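Observations on the model geometry
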Amino acid sequence: QIGERFDQLFPDERVFASLYDTQGRGAISPLLLSLVTVFQILEKVPDRTAAEFVAARIDWKYALHLPLAYPGFHFTDLYAFRGRLLEHGQERFVFEQLLMQLKEMGLLKPKGKMRTDSTHVLGVVERLSQLELICESLRLALQAVTQAVPDWVARQLPAIFSETYAQRQSEYGLSDIQVKERLVKVGRDAFWFLAQVDRSAPQSVRHLPEVEVLRQVLAQQFPSGPGHPPTSQRPSGKAVIESPHEPEVRFAQKRGQGWLGYKAQVTESCDPAQPHLIVDLEPTGALDNDSPELPKVQARLQAQGILPAEQYVDQGYMSAAHLANSADLGLNLMGVPLDDTQAAPGFRQADFHIATQAQRATCPAGQNSQVWAENANGQIKIRFAGKTCRACPYFGVCTSSQQGRSLTLSPHRAILALRRAQAKTKTFQEKMRLRAGIEATISELVRRYHFRQARYRGLARLRLQAYFTAVAINLNRLARWWARPVNGI
């Protein structure tokens, strides 16, 4: 299927001119290297095997439009090609070119229907204990400094220090007390090492990536500084490094399931009469919420000229601002907003009577607001008098604030209220069934394409894996689409 439609599916070789290497061995077509990378994802083989298949397998040669006598290339050319893509920030290049061709073929139409969801991706590292994290950070920093300035290390650092921390450390067999004692000692030694580097090492050495990682790890694990024990509870968060071997991975939890790695935003087309294709597959940080990612997804779709008319999402993406901004783009954001649960039943924002013209709010107990103020963003701040609220029989249920009950009205509250009402109708619920199909796509990515596990370290390399995987799944789905029975034949 791919070989027969090669000229339709893939652009002219000239669009890949910027991806050619300018020196070394004779140039290999970037389109060829791109498709071989896609095929090795389809067949789950490493670089060496993929290069052998190009030279030996007739089906690969047919799909790639290669002569039977084509001798192939060295497998390291695949690694070098991926490196050039990363160097020039072209991780999406091949994926975007395929989307353009599919759009011209009429298989991907603008103003259609799409659905979006996220899934987690495991990093290529294990989560270290606190002691192992500090020891490994120190070991890697020492190793990098030794490689950069071996004479300085021999002159400034005691031999016993280099010998001790040149080896991997483990807390296996240590009691809790021994682990705590070891943490204090290793932390003290790590701070001393950084002090030596800052005092007399060359300027370039002080800013080596491994040294910077060690600084961050010590600052996070020993917030009180040298000579003090680490935090009693291990810190976590968007900035907290979990492994010096891959500083970008983060530890996250969802529904009691913890993982060390990243997340990925998955968007696919879902028009009934068209093949369902991946139109966006963007990795993000493991602790990045889904809601802020939605405008970025829509911006990428708009840049490709394939912004849908309807986009189906779950509650994690829904907000009044997203509904309004999507409408401004001509896009109907289909999803069920979260209910108003910021107060006890009977005292939620929807239970207050809001008189916008009179700039007054009336609470369920019949009391009127005292303050009505609108900021530059269009938000309205409402506050009831503290004296009135404290005297109210519902004080402690409606609010416990001595200053009185307050409300914050979104400038898009009308569209949010309308969507909440729509979400309760049977018609809307029937339409929302279309969203569930994204779960099957995520399952396919995980089970067939092993997308749950990152192949490479670092967010940039994960983006490379994500978009080549998206090309692979799209080609596979297109092949099934073209081979499907038509009118029962």
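In what follows, the structure referred to is the one given above.
Note that the structure is predicted; figures quoted are calculated from it, not measured.

**What to know about the sheet that holds strand β10 (residues 380-383)**
What the three strands build is an open sheet, ordered β9-β10-β11; its pairing is antiparallel. Only two strands of the sheet have a single partner each, and these edge strands are β9 (371-374) and β11 (406-409). Strand after strand, the sheet turns through a mean of 15 degrees between neighbouring axes, direction not considered. Sheet topology places β9 next to β10; four bridges connect them, and they run antiparallel.

**Description of the pattern of salt bridges**
Tallied over the entire structure, the rule returns 27 salt bridges. K431 is the partner of E310 in a salt bridge, and the nearest nitrogen-oxygen pair spans 3.1 Å. On the criterion of sequence distance, the pair formed by E310 in strand β5 (residues 310-312) and K431 in helix α17 (residues 426-431) is long-range, its members being 121 residues apart. Residues joined in a network through salt bridges with shared partners are R115, E268, E444, R477 and R480.

**A word on helix α10 (residues 176-200)**
For α10, with 25 residues, the first-to-last C-alpha span of 37 Å sits near the 36 Å given by 1.5 Å per residue. Turning to α10, its buried residues are V179, R182, L183, V186, G187, D189, A190, F191, F193, L194, Q196 and V197. Elements that come into contact with the buried residues of α10 comprise α7 (130-148), α8 (150-156), α9 (159-165), α11 (203-206) and α12 (209-221).

**Concerning the pairing of β10**
Burial along β10 is one-sided: the residues I380 and I382 are buried and none of K381 and R383 is. In textbook terms, the turn of a hairpin is the stretch between consecutive antiparallel strands, and for β9 and β10 this stretch comprises five residues, one of which, G378, has a positive phi near 90 degrees. One ladder, built from four bridges, connects β10 with β11; its direction is antiparallel. Counted as the bridge partner of K381 is T408 from β11.

**Observations concerning the layout of surface pockets**
Approximately 930 Å³ is the volume found for the largest pocket. Lining the largest pocket are 30 residues, with D340, Q349, A350, L416 and R420 sitting closest to its centre. Of all the elements in the fold, those that place two or more residues in the lining of the largest pocket are α14 (320-328), β11 and α16 (413-422). It is α16 that contributes the most residues to the lining of the largest pocket, five residues altogether.

**Some details on empty space enclosed by the protein**
The full count for this structure, using the stated rule, is four cavities of 30 Å³ or more. Within this model, the largest cavity holds a volume of roughly 130 Å³. Considering only residue class, the lining of the largest cavity consists of eleven nonpolar, three polar and one charged.

**Here we look at the state of the cysteines**
Enumeration according to the criterion identifies zero disulfides in this entry. The thiol of C392 is unpaired, and the distance to the nearest cysteine sulfur, on C363, comes to 6.0 Å.

**Observations regarding the side chain of R250**
By the element assignment, R250 lies in strand β2 (residues 250-254). For the buried R250, no salt bridge is present, and the opposite-charge side chain at shortest range is E242, 6.8 Å distant. Side-chain polar atoms of R250 contact the backbone oxygen of V240, separated by 3.3 Å. Side-chain polar atoms of R250 contact the backbone oxygen of P247, separated by 2.5 Å. Look past the residues within four positions of R250 in its chain and what remains in contact with it is G237, K238, A239, V240, I241, E242, W259, L260, G261, A286 and L287.

**Focus on the packing of helix α18 (residues 437-447) against helix α19 (residues 459-482)**
When two helices pack together, their arrangement is given by the angle between the helix axes and by the axis-to-axis distance. In contact at an axis separation of 11 Å, α18 and α19 are set at 110 degrees when each is read in the N-to-C sense. Here α19 runs roughly perpendicular to α18, going by the angle between their axes. The element α18 and its partner α19 pack so that their crossing is right-handed. Every residue of α19 that contacts α18 at T441, E444 and L445 is listed here: T469, I473, R477 and R480. Looking at side-chain class alone, the contact of α18 with α19 contains two nonpolar, two polar and three charged residues.

Conventions adopted
Residues numbered from 1 in each chain as written. Predicted model: local features only at pLDDT ≥ 70, side-chain atom pairs only at ≥ 80, totals over all residues. Heavy atoms only, no water. Pairing = 2+ DSSP bridges. Helix = DSSP H or I, 4+ residues; strand = E, 2+ residues; numbered from the N terminus. Axes fitted to C-alpha atoms, helices over the stretch in contact; angles between N-to-C directions. Salt bridge = Lys/Arg side-chain N within 4 Å of Asp/Glu carboxyl O. Expected span 1.5 Å × (residues − 1). Buried < 20%, exposed > 50% of the residue type's maximum accessible area, 1.4 Å probe, protein only. Contact = heavy atoms within 4.5 Å. 1 Å grid on protein atoms, 1.4 Å probe; cavity = no way out; pocket = protein on both sides within 12 Å on 5 of 7 lines; lining within 4 Å. Points joined across faces, edges and corners; volume = space filled by probe spheres on them. Nonpolar A, V, L, I, M, F, W, Y, C, P; charged D, E, K, R; others polar. Disulfide = S-S within 2.5 Å. Lys, Arg positive; Asp, Glu negative; His and termini not counted. Polar contact = N/O pair within 3.5 Å; in protein donor to acceptor, adjacent residues only side chain to side chain. Parallel < 35°, antiparallel > 145°, perpendicular 65-115°, else oblique. Left-handed = near helix turned anticlockwise from the far one by under 90°.

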